[in-house]
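What follows is the residue order along each chain.
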Amino acid sequence: HTPAPAAGGALEDGEWHAVGKNAKVLSTTRTVASATSPIRAIFSGQLCTRLLSEDTDGRSAKPSITIEPFQCLNLDIKGADVHSLDDALAAFFKSEALEGFTIKGQQAHASRQSALYELPSVLVLHLKRFTFDRHGPHKVSKAVRFAETLRLNRG
């Protein structure tokens, strides 16, 4: 399902502004479309990625939100703090600082965080068991615990 445009209306195909008091733009949301197929109907969900930024004076820019399809979540398990599937999911959805981000040519602080927007009928989780460095590929040989039932909390 694709959300209806917020107050303020559609800008372009798949993009809209959320508008608050005095017609002030609160955020811009973009959706990324993909062709439909029987496989996508089963395995495709949607991720919502929110980009927050502020300039060096501490002024925040309006959030940019992108809703895009996914068929698989690629979970990094090499971190020392990842011992379970829940740990890997928490790391995947954790807010991350972006380096080298600029606003109007000026350095800025920015962070990005993803959340599940729509779950697929069948959720595919891929554990990234290989890393690559200048010496080539290396297998990540560690046990990753998981429960019989996966419980996902709403953001």
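Refer to the preceding data block for the structure.
Described in the following lines is the structure provided in the data block. Just so it is clear, the structure is predicted and the values come from calculations on it, not from any experiment. (Residues numbered from 1 in each chain as written. Predicted model: local features only at pLDDT ≥ 70, side-chain atom pairs only at ≥ 80, totals over all residues. Heavy atoms only, no water.)

1. Observations regarding the overall build of the protein
So, point 1. On a plain count of helices and strands, the protein comes out with two helices and 12 strands.
So, point 2. Going from N to C terminus, the protein has its helices and strands arranged as β-β-β-α-β-β-β-α-β-β-β-β-β-β.
So, point 3. Here the protein holds 155 residues, and the buried ones make up 24% of them.
So, point 4. Restricting the contact set of the protein to residue pairs at least 6 apart, pairs at least 24 apart contribute 56%. (Helix = DSSP H or I, 4+ residues; strand = E, 2+ residues; numbered from the N terminus. Buried < 20%, exposed > 50% of the residue type's maximum accessible area, 1.4 Å probe, protein only. Contact = heavy atoms within 4.5 Å.)

2. Notes on the packing of aromatic side chains
So, point 1. Summed over the entire model, instances satisfying the criterion amount to one aromatic pair.
So, point 2. With a centroid separation of 4.9 Å and 85° between ring planes, the pair formed by F92 and F93 is classed as edge-to-face.
So, point 3. On the basis of relative accessibility, which here comes to 16%, the residue F93 falls in the buried class. (Phe/Tyr/Trp six-rings, centres within 6.5 Å; stacked < 30°, edge-to-face > 60°.)

3. What about the side chain of S53?
So, point 1. With respect to the helices, strands and loops of the structure, S53 is situated in strand β4 (residues 45–55).
So, point 2. S53 sits in the buried class, given a relative accessible area of 11%.
So, point 3. Residues contacting S53, with those up to four places away along its chain left out, are R59, S60, A61, F101, I103, H109 and A110.

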